[in-house]
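# Analysis of the macromolecular model
What follows is each chain in one-letter form.
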Amino acid sequence: MPNRRSGDPHLRPGRDARQRPLGSVDRNQPVLGKLLSILRLLYAPVMLWAVLVAKDDTIALAAFGLAVVTDLLDSWLNRKQLGRRRTGELLDVVANTVFVLAATFALWQIDVIPWPIALLVPLRFVGLLAMVPALRSRGVRTLPVHLLGKVAAFCLLASFPLLYLSHDIPETLDLGLEPSLPIQLAQAFGWAFALWGVLLLWWSLVLYAQEVRRLMATTPPLEKGGAARA
């Protein structure tokens, strides 16, 4: 039988829930992760208003930048296993999805990104939704969040402020000068992040499709009246 001396990881100090004092600060960490995701949800309409209505570059760039920062902090919490709860993960995915779709639409409207990319991003999420009936038939509500999808979302989030910062820059500035090196770097890194983000989004969709296929092959259909599981 495993014991503390044998090095059982489930019984190590700090891992045993019984050793944690009541009201330990770790219990509050998942709340912080949820708040960060909620902030990204709130930034989405603000960003749309700033880009499409007010045309305020300062507010738009602030919304883009804060979305990147909150996503990084959220990922850091998950990596430290301080906010890794199922509801927190799903809220993080929803927040990223809403912001990415809103930003893609806004940047397409002002001719920052071409229509093929503006179409590929929402189509990927449509592909995910198309898998839901198959999951429900096996009593599963959602698949585990894939790291590749998180990386893809971050790449797109990082591309938005760079592309927006360098949009509407003429090929030659006054006096025949070319755009400055910072603007050129913003364009280059923005498109690199954007293209990698789209590629990884669709790659993760293929991996999710494989998971659904494996689930359909190994799990019997849910009996009528059966409860679905996460």
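Note that this is a predicted model, so its numbers are computed, not measured.

### Side note on the packing of aromatic side chains
What describes a pair of aromatic rings is the distance from one ring centre to the other and the angle between the planes of the rings. Summed over the entire model, instances satisfying the criterion amount to four aromatic pairs. Here the aromatic rings of Phe64 and Phe99 are separated by 6.2 Å at their centres, their planes lie at 85°, and the arrangement is edge-to-face. Residue Phe64 is located in helix α2 (residues 57–79), and its partner Phe99 is located in helix α3 (residues 86–109); the two are separated by 35 residues in the primary sequence. With respect to class, Phe64 is no different from Phe99; both count as buried. With a centroid separation of 5.7 Å and an interplanar angle of 50°, the aromatic rings of Phe64 and Tyr164 are classed as tilted. Taken together, the residues Phe64 in helix α2 and Tyr164 in helix α6 (residues 147–165) connect sequence positions 100 residues apart. Judged on exposure class, the residue Phe64 and its partner Tyr164 are both buried. Each member of the aromatic cluster is reached from another via a ring pair, and the members are Phe64, Phe99, Phe160 and Tyr164.

### As for a nonpolar patch on the surface
Residues Phe105, Trp108, Trp115, Leu119, Leu120, Leu123, Val126 and Trp202 make up a contiguous nonpolar surface patch of about 760 Å² in total accessible area. If you tally residues by element for the nonpolar patch, the top one is helix α4 (residues 115–130), at five residues. Considering the arrangement of structural elements, one finds Leu123 in helix α4.

### Notes on the pattern of salt bridges
It is possible for side chains bearing opposite charge to pair when their charged atoms get close. Following the criterion strictly, the structure yields five salt bridges and no others. Its salt-bridge partner being Lys150, residue Asp71 comes within 3.1 Å of it at the nearest N-O pair. Of this pair, Asp71 sits in helix α2 while Lys150 sits in helix α6; the two residues are 79 residues apart in sequence, bridging distant segments of the chain. The exposure class of Lys150 is buried, given its relative accessible area of 14%. We note a salt bridge from Lys150 to Asp92, for which the minimum N-O separation is 2.6 Å. Of this pair, Lys150 sits in helix α6 while Asp92 sits in helix α3; the two residues are 58 residues apart in sequence, bridging distant segments of the chain. Its relative accessible area of 2% is what places Asp92 among the buried residues. Salt bridges here are not isolated pairs; linked through shared partners, they connect Arg40, Asp71, Asp74, Asp92 and Lys150.

### Side note on the nonpolar core
Ranked by size, the top nonpolar core spans 34 residues in total, and within it Met47, Phe64, Phe99 and Phe160 carry the most contacts. For this core, the element with the most residues is α6, which contributes eight residues. Residues Leu135, Val140, Tyr208 and Val212 belong to the second largest nonpolar core, which totals eight residues.

### Some thoughts on the environment of Ile183
Note on placement: Ile183 falls in helix α7 (residues 181–218). For Ile183, a relative accessible area of 18% corresponds to the buried category.

### A word on the packing of α4 against α7
Between α4 and α7, the least distance of the axes is 10 Å, while the angle of their chain directions is 25°. Regarding the angle of α4 to α7, the classification is roughly parallel. Seen along the crossing, α4 lies across α7 with a hand that is left-handed. When α4 is examined against α7, the residues Ile117, Leu120, Val121, Leu123, Arg124, Phe125, Gly127 and Leu128 are found in contact with a partner set consisting of Trp191, Leu195, Val198, Leu201, Trp202, Ser204, Leu205 and Tyr208. Class assignment of the residues belonging to the contact of α4 with α7 gives a composition of 13 nonpolar, two polar and one charged.

Here is what the cut-offs are and how they apply
Residues numbered from 1 in each chain as written. Predicted model: local features only at pLDDT ≥ 70, side-chain atom pairs only at ≥ 80, totals over all residues. Heavy atoms only, no water. Phe/Tyr/Trp six-rings, centres within 6.5 Å; stacked < 30°, edge-to-face > 60°. Helix = DSSP H or I, 4+ residues; strand = E, 2+ residues; numbered from the N terminus. Buried < 20%, exposed > 50% of the residue type's maximum accessible area, 1.4 Å probe, protein only. Patch = residues over 30% accessible without salt bridge, like charges linked within 9 Å, V, L, I, M, F, W, Y side chains within 5 Å. Areas by Shrake-Rupley, 256 points an atom, 1.4 Å probe, with all protein chains shown as cover. Salt bridge = Lys/Arg side-chain N within 4 Å of Asp/Glu carboxyl O. Core = buried A, V, L, I, M, F, W, Y, C linked by side-chain atoms within 4.5 Å. Axes fitted to C-alpha atoms, helices over the stretch in contact; angles between N-to-C directions. Parallel < 35°, antiparallel > 145°, perpendicular 65-115°, else oblique. Left-handed = near helix turned anticlockwise from the far one by under 90°. Contact = heavy atoms within 4.5 Å. Nonpolar A, V, L, I, M, F, W, Y, C, P; charged D, E, K, R; others polar.

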